[in-house]
Amino acid sequence: MMMMMMMMIVFLLTISLIEVQVVLSYEIGRNNNTICPERHSCADSNDSRAEIRRYCKCDSLCEAYDDCCDDYVRSGSRSNSSNNNAFNLSRNVVGCIKRLFHRDDSSHYTVDRCPRGWPRGRVKTGCRSGRSNSENTIARVPVVGRRSSILYRNVYCAICNGEQDAVFSEGYVKSNRAKGEFNSMEFLRPRDYSLRTCIDAIRTCDSSYRNREVWKRCTGSSQSNSYVISGRGPDLDALTTVYRNAVCATCNFVSEPKPMCNYDETRTGRRLRPQSSPTYTILVDFSSNTIKTTNRNSRRDTSTRTFRCSGGRVYDPGRNRCLVVFST
């Protein structure tokens, strides 16, 4: 009997400790608005400069991407958005991917999976191939919806998520050979499109953490996006981990999460290496199946090749042939 009472007391103390941790976590999140409000608040939401400084979002699309600031006033209606395509996406198909574009260390929301229930086949395999260094060059090319401005990992991911009109990013290669080395191809960020940036944060609990209510407050829709960090100091470095909120930090056993006030992705990852000056610059336009090669030592020495690819095919410079993309 005494043993059972002691076990019950230990259980109640454990529950109380978890509740205290969650309360403290919310206090840390609220403190973000006091310590660095320009990073975590919708105040001055009409100021474009404030938007650049802010980590969370204050536009109607934040309800679709679930990255609203804590003081954002939700409309309660998705149909009022001017960009309803984003609201039709499941969050299960959207990732936060870093360094998709040439000399750009930013992270962007990117559709990189087919929805559940999409049948196995060429499209699903192609979408999945975009996450690796695939031999299929087309699977490595990011595309953006012409009207939706939604970024997709590749054209296959666009197809299986219902995108009707996608624009390919241009391929960019520097090479000492006129024919180029396309396995090292990078991609230029599409012009005239506003791509949504994101913070690559941990948004789930450690698998061994058992409290379901805490899991919900970390992972659930419309939960706090008051980002916190663990690490050596208030700024990000190579040993820093970012969490969606302090509850997520708590359920990953971080004892003292810190408010995040100085986030700079370029400080946490690779350093851009000094660029060499190879002889040729090669631009690949996948939309028109053309390759433009320029001799950097003689700007007049420029050639353009166009490849005839019909029937929904796109030219793959890595394989030097047209690949079927758009037929189902």
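Our subject is the structure listed above.
This section reports on the structure supplied with the text. Starting from 1, residues in each chain are numbered consecutively following that chain's sequence as written. With pLDDT at 70 or above as the cut-off, local features in this predicted model cover only qualifying residues; side-chain atom pairs require 80 or more to be listed or tallied, and sums for whole chains, interfaces and linings still use all residues. Hydrogens are left out, water is left out, and the side-chain values use all remaining heavy atoms of the structure.

**Some words on the side chain of K57**
So, point 1. Considering the arrangement of structural elements, one finds K57 in the loop between helix 3 (48-53) and helix 4 (62-65).
So, point 2. Only protein chains enter the accessibility calculation, which uses a 1.4 Å probe. A residue is then buried if its area is under 20% of the maximum for its type, exposed if over 50%, and partly exposed in between. Here K57 falls in the buried class, since its relative accessible area comes to 9%.
So, point 3. Should any heavy atoms of two residues lie within 4.5 Å, those residues are counted as being in contact. Apart from the residues lying within four places of it in its own chain, the contact partners of K57 are C42, E51, C62, D67, C68, C69, R196 and T197. Runs of E in the DSSP output that reach at least two residues are strands. Runs of H or I that reach at least four are helices, and both are numbered from the N terminus.

**Details of the pattern of salt bridges**
So, point 1. For this analysis, a salt bridge means a side-chain nitrogen from Lys or Arg found within 4 Å of a carboxyl oxygen belonging to Asp or Glu. A complete count under the given rule lists 10 salt bridges for this structure.
So, point 2. Between R196 and D59 there is a salt bridge, with its nearest N and O atoms 2.8 Å apart. One end of the pair, R196, is in the loop between strand 7 (186-187) and helix 8 (212-219); the other, D59, is in the loop between helix 3 and helix 4, and 137 residues separate them in sequence.
So, point 3. Given a relative accessible area of 32%, D59 falls into the partly exposed group.
So, point 4. The closest approach of N and O atoms between D67 and R196, which form a salt bridge, is 3.2 Å. Within this pair, whereas D67 is found in the loop between helix 4 and helix 5 (84-87), its partner R196 is found in the loop between strand 7 and helix 8, the two being separated by 129 residues in sequence.
So, point 5. Assessed through its relative accessible area of 14%, R196 is described here as buried.

**Topic: helix 8**
So, point 1. Here helix 8 has its buried residues at V214, W215 and C218. Projected down its long axis, helix 8 carries its buried residues within an arc of 105°, all on one side. Across from the buried face of helix 8, at angles greater than 90 degrees, the exposed residues are R212 and K216. This arc is built from the directions going out from the helix axis to the C-beta atoms.

**Here's the deal with the packing of aromatic side chains**
So, point 1. For this analysis, a ring pair means two rings from Phe, Tyr or Trp (six-membered ring only for Trp) whose centres lie within 6.5 Å, classed as stacked if their planes differ by under 30 degrees, edge-to-face if by over 60, and tilted for the remaining angles. In the structure shown here, the tally under the stated rule is 4 aromatic pairs.
So, point 2. Plain terms: the ring middles of Y209 and F253 are 5.6 Å apart, the flat faces sit at 55° to each other, and that makes the pair tilted. Here Y209 is found in the loop between strand 7 and helix 8, whereas its partner F253 is found in the loop between helix 9 (246-250) and strand 10 (258-259), with 44 residues between them in sequence.
So, point 3. A relative accessible area of 8% places Y209 in the buried class.
So, point 4. Residue classification places F253 among the exposed positions, given a relative accessible area of 53%.

**Focus: the sheet that holds strand 10**
So, point 1. One requirement defines pairing of two strands: DSSP has to find at least two bridges between them. The strand order 9-8-10 describes an open sheet built from 3 strands, whose pairing is antiparallel. Strands at the two margins of the open sheet, each flanked by one partner only, are strand 9 (241-243) and strand 10.
So, point 2. Judged from the 3 bridges that link them, strand 8 (residues 228-230) and strand 9 form a sheet pairing that is antiparallel. In the sheet register, S230 faces strand 9, and the bridge partner there is T241.

**Quick word on the environment of S184**
So, point 1. Mapping S184 onto the fold places it in the loop between strand 6 (171-175) and strand 7.
So, point 2. You can call S184 partly exposed: its relative accessible area is 42%.
So, point 3. For the pair S184 and Y172, spaced 12 residues apart in sequence, the C-alpha to C-alpha distance is 9.0 Å.

**Points about the pairing of strand 11 (residues 280-285)**
So, point 1. Alignment of strand 6 against strand 11, held across 5 bridges, turns out to be antiparallel. What sits directly across from V173, in strand 11, is I282.
So, point 2. As judged from the 6 bridges shared by strand 11 and strand 12 (residues 290-295), these two strands associate in the antiparallel manner. When the bridges of strand 12 are listed, T281 appears paired with T294.
So, point 3. Adjacent in sequence and paired antiparallel, strand 11 and strand 12 are bridged by 4 residues, among which N289 carries a positive phi angle near 55°.

**So, the nonpolar core**
So, point 1. Buried residues of nine kinds, namely Ala, Val, Leu, Ile, Met, Phe, Trp, Tyr and Cys, make up a nonpolar core once their side-chain atoms join them within 4.5 Å. If you look at the biggest cluster of nonpolar residues, it comprises 48 residues, and the most contacted ones within it are Y65, I138, Y156, F168 and F286.
So, point 2. Examining the composition of this core, we find that 5 residues originate from one element, helix 7 (residues 155-160), more than from any other.
So, point 3. Leaving out residues up to four positions away in the same chain, Y65 has contacts with A86, R91, V94, Y109, I150 and R196.
So, point 4. Among the nonpolar cores identified, the runner-up in size contains 13 residues, and Y243, V247, C251 and V254 belong to it.

**Here we look at the state of the cysteines**
So, point 1. Two cysteine sulfur atoms form a disulfide, by the criterion used here, when they sit within 2.5 Å. Within this structure, the stated rule accounts for 9 disulfides.
So, point 2. At a sulfur-sulfur separation of 2.1 Å, the disulfide partner of C127 is C157. Judged by the sign of its S-S torsion, about 100°, the cystine formed by C127 and C157 is right-handed. Taken together, the residues C127 in helix 6 (residues 122-129) and C157 in helix 7 connect sequence positions 30 residues apart.

**Comments concerning unusual backbone geometry**
So, point 1. Unlike most non-glycine residues, R103 shows phi in positive territory, near 50°.
So, point 2. You can see R103 is positioned in the loop between strand 1 (94-98) and strand 2 (107-111).
So, point 3. We classify R103 as partly exposed; its relative accessible area is 42%.
So, point 4. Of note in this structure, D192 is not a glycine but carries a positive phi near 70°.

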